[in-house]
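Next come the chains, spelled out residue by residue.
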Amino acid sequence: MKSSEEGMAGNKTSVIVFVILGFSHRPDMKVFFFILFLCIYIITVLGNLIILLVTNMDPALHTPMYFFLRNLSFLEICYTSVTLPRVMVNLLSSDTSISFAGCAAQMYFFLLFGATECCLLAAMAYDRYRAICNPLHYMDIMNKKVCMQLAASSWICGNLVALGHTTFIFSLPFCGSNVINHFFCEIQPVLMLVCGNTYWNELQIILAAAFVILMPFLLILVSYGLIISSILKIRSAKGRYKAFSTCSSHLTVVTIFYGTAVFIYIRPKSSYYLDVDKVLSLFYSVVTPILNPIIYSLRNREVKGALSKMRTKLFHPNS
Ligand SMILES: *[C@@H]1O[C@H](CO)[C@@H](O)[C@H](O)[C@H]1NC(C)=O
């Protein structure tokens, strides 16, 4: 793709493969990180699979909230699968190169799942808003069709964002170094390899990212503003607590997800060179997927109930 420009561009050599730097400067830590990432990956996939299974099997959990939670768990499995397996392979192999197309594909899927999650969290906030502010018509408003449409729109939005960003970045001219100082093809480290001054590119990407992250975030804020004002109107403390407890898991996930997103994307590039930072940013991309099932299964009484029902069925089938 890029190599056709060779020859015409003089001393600019076009990049056809990238090399992922990862942990190559710390060979002594490779085994440690391999085992760590393997554990994180297994826990993430298993935890989210359990949520998928439990909410699917228990008819009491066939509500809009759990429809979105299933979608979210599915998304988290995909999200971690884009980065961690490849990072682990790179830890064990001496050849850490990735093709131009492979790098673009990785970035596309990473952004697709990330942006879809932003939108899905907003859809879940809307669902909570409807459940708490319109309890009598909740099931009519959030019928199956509406839920499907909300989830589908999240995927379409995520897809547009990912497609836009990836095409934009990979149509920029790459020259010189092809070494990605990161664990996978993330926006910032790839952008550093673009020829010339990338100030405007970076600005555009930060603005677009801010838009993508902030729009759903505003929707979430508005939903929770309405939720809180409606909860405050409830007379009994018990009723208030009950209403709030149905959204506390979602609120926790939102806080962690947006906290980490802001940490990764909305900050100056100069802070990016630190190695500690590189490791941190990897952890930040696995933090929500691994915590999600834990939050929803520990803090949510309905999921806990469904889990223990499933355990009873599995281990004492005749009782
Ligand atoms: C997530 O939502 C989409 C769009 O409505 C749907 O097609 C898909 O089956 C859902 N996935 C899960 C795991 O529920």
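Scroll up a little and you will see the structure.
So, a few notes on the structure that sits alongside this text. All figures in this text were calculated on a predicted structure; none of them were measured in a lab.

Quick notes on the site of the ligand
Near the ligand, the surroundings consist of Asn71, Phe74, Met148, Ala151 and Ala152. Within the contact set of the ligand, an oxygen atom lies 2.2 Å away from a side-chain nitrogen or oxygen of Asn71. For the ligand, an oxygen atom lies 3.0 Å from a polar atom in the backbone of Met148. Protein coverage of the free-state accessible area of the ligand, which is 360 Å², stands at 62%. Residue assignment for the shell around the ligand shows that the elements contributing at least two residues are helix H2 (64–92) and helix H5 (144–170). Of the residues that constitute the shell around the ligand, the class distribution is 4 nonpolar, 1 polar and no charged.

Quick notes on the packing of H2 against helix H3 (residues 100–133)
A pair of packed helices is characterised by two quantities: the angle between their axes and the separation of those axes. Close contact between H2 and H3 brings their axes to 10 Å; oriented N to C, the two are set at 160 degrees. With respect to each other, H2 and H3 are oriented roughly antiparallel. As H2 packs across H3, the resulting crossing turns out to be left-handed. For the contact of H2 with H3, a count of residues per class yields 16 nonpolar, 5 polar and 5 charged.

Here we look at the nonpolar core
In this structure, Phe37 and Phe170 are the most contacted members of the largest nonpolar core, which totals 86 residues. Per-element tally for this core: the top contributor is H3, with 19 residues.

What to know about H2
Each full turn of the α-helix corresponds to 3.6 residues, which orients residues three or four apart in the same direction. Here H2 contains 29 residues, and its C-alpha end-to-end distance of 43 Å stays within 8% of the 42 Å for a straight helix at 1.5 Å per residue. Of all the 29 residues making up H2, 23 are buried; the element is thus mostly covered by neighbouring parts of the structure.

With respect to the state of the cysteines
One pass over the full model with this rule turns up 2 disulfides. Sulfur-sulfur distance for the disulfide between Cys175 and Cys195 comes to 2.0 Å. Remark: Cys195 occurs in the loop between helix H6 (187–191) and helix H7 (199–232) and Cys175 occurs in the loop between H5 and strand S3 (179–180); sequence separation between them is 20 residues. Each of the two residues, Cys175 as well as Cys195, counts as buried. Sequence-ordered numbering of the bonded cysteines in the chain gives a pairing of 1-3, 2-4. With no disulfide of its own, Cys157 lies closest to Cys119 among cysteine sulfurs, the gap being 4.4 Å. Looking at Cys157, the relative accessible area reads 37%, which means it is partly exposed.

Points about the environment of Trp155
Relative to the helices and strands, Trp155 is located in helix H5. Since its relative accessible area comes to 23%, Trp155 is described here as partly exposed. Sequence spacing of Trp155 and Leu112 is 43 residues, and the spatial spacing of their C-alpha atoms is 7.8 Å. In this structure, Trp155 is in contact with Asn71, Phe74, Leu75, Leu112, Phe113 and Thr116, ignoring residues within four places of it in sequence.

Observations concerning the side chain of Glu117
By secondary structure assignment, the location of Glu117 is in helix H3. Once residues within four sequence positions are removed from consideration, Glu117 is found in contact with Leu72, Leu75, Glu76, Phe257 and Thr288.

Describing the packing of helix H1 (residues 30–57) against H2
Here H1 crosses H2 at 160 degrees, and the two axes come no closer than 9 Å. Here H1 lies roughly antiparallel to H2, going by the angle between them. Crossing handedness for the pair H1 and H2: left-handed. Classifying every residue of the contact of H1 with H2 gives 20 nonpolar, 7 polar and 3 charged.

Observations regarding the layout of surface pockets
For the largest pocket, the calculated volume is near 620 Å³. Residue lining of the largest pocket: 21 residues in total, with Lys242, Ser245, Thr246, Asn300 and Glu302 positioned closest to the centre. For the lining of the largest pocket, the secondary structure elements donating two or more residues are H2, H3, helix H8 (237–265) and helix H10 (301–315). By volume, the second largest pocket amounts to about 370 Å³. For the second largest pocket, the lining is made up of 18 residues, of which Cys119, Ala122, Ala123, Pro216 and Leu219 are closest to its centre. Counting residues per element, the ones that place at least two in the lining of the second largest pocket are H3, H5 and H7.

What counts and how
Counting of residues starts from 1 at the beginning of each chain's written sequence and follows it residue by residue. A pLDDT threshold of at least 70 governs which residues receive local features in this predicted model, and a stricter bar of 80 or more applies before side-chain atom pairs are shown or counted, although totals over entire chains, interfaces and linings include all residues. Excluding hydrogens and water, the side-chain figures rest on all heavy atoms present in the structure. Any residue with at least one heavy atom within 4 Å of a molecule or strand is counted as near it. N or O atoms within 3.5 Å of each other form a polar contact, as long as, within protein, one can give a hydrogen and the other can take it, and as long as residues adjacent in sequence are counted only when both atoms are side-chain atoms. Working definition of accessibility: Shrake-Rupley area with a 1.4 Å probe, residue cover restricted to the visible protein chains. Each helix is a run of H or I in the DSSP string that is no shorter than four residues. Each strand is a run of E no shorter than two, and both are numbered from the N terminus. Throughout this entry, Asp, Glu, Lys and Arg are counted as charged residues, while Ala, Val, Leu, Ile, Met, Phe, Trp, Tyr, Cys and Pro are counted as nonpolar. The remaining residues, Gly among them, count as polar. Axis angles are defined between N-to-C directions and span 0 to 180 degrees, where every axis is a line fitted to C-alpha atoms and, for a helix, only to the segment in contact. What sets the label is the angle itself: under 35 degrees gives roughly parallel, over 145 gives roughly antiparallel, 65 to 115 gives roughly perpendicular, and the rest give oblique. Note on convention: near helix rotated counterclockwise from far helix by under a right angle means a left-handed crossing. Clockwise means right-handed. We define a nonpolar core as any set of buried Ala, Val, Leu, Ile, Met, Phe, Trp, Tyr and Cys residues linked to one another through side-chain atoms lying within 4.5 Å. The buried label applies to any residue whose accessible area, calculated with a 1.4 Å probe on protein chains only, is under 20% of its type's maximum; exposed applies above 50%, and partly exposed to all values in between. Expected helix span is given by 1.5 Å per residue-to-residue step, counting one fewer step than there are residues. Counting rule for disulfides: a pair of cysteine sulfur atoms within 2.5 Å. Here a residue-residue contact requires only that any non-hydrogen atoms of the pair lie within 4.5 Å. The rule is simple: put a 1 Å grid over the protein atoms alone, call a set of points where a 1.4 Å probe fits but cannot get out a cavity, call an open set with protein on both sides within 12 Å along at least five of seven lines a pocket, and count a residue as lining if it has an atom within 4 Å of a point. Grid points are joined across faces, edges and corners, and a volume is the space filled by probe spheres set on the points.

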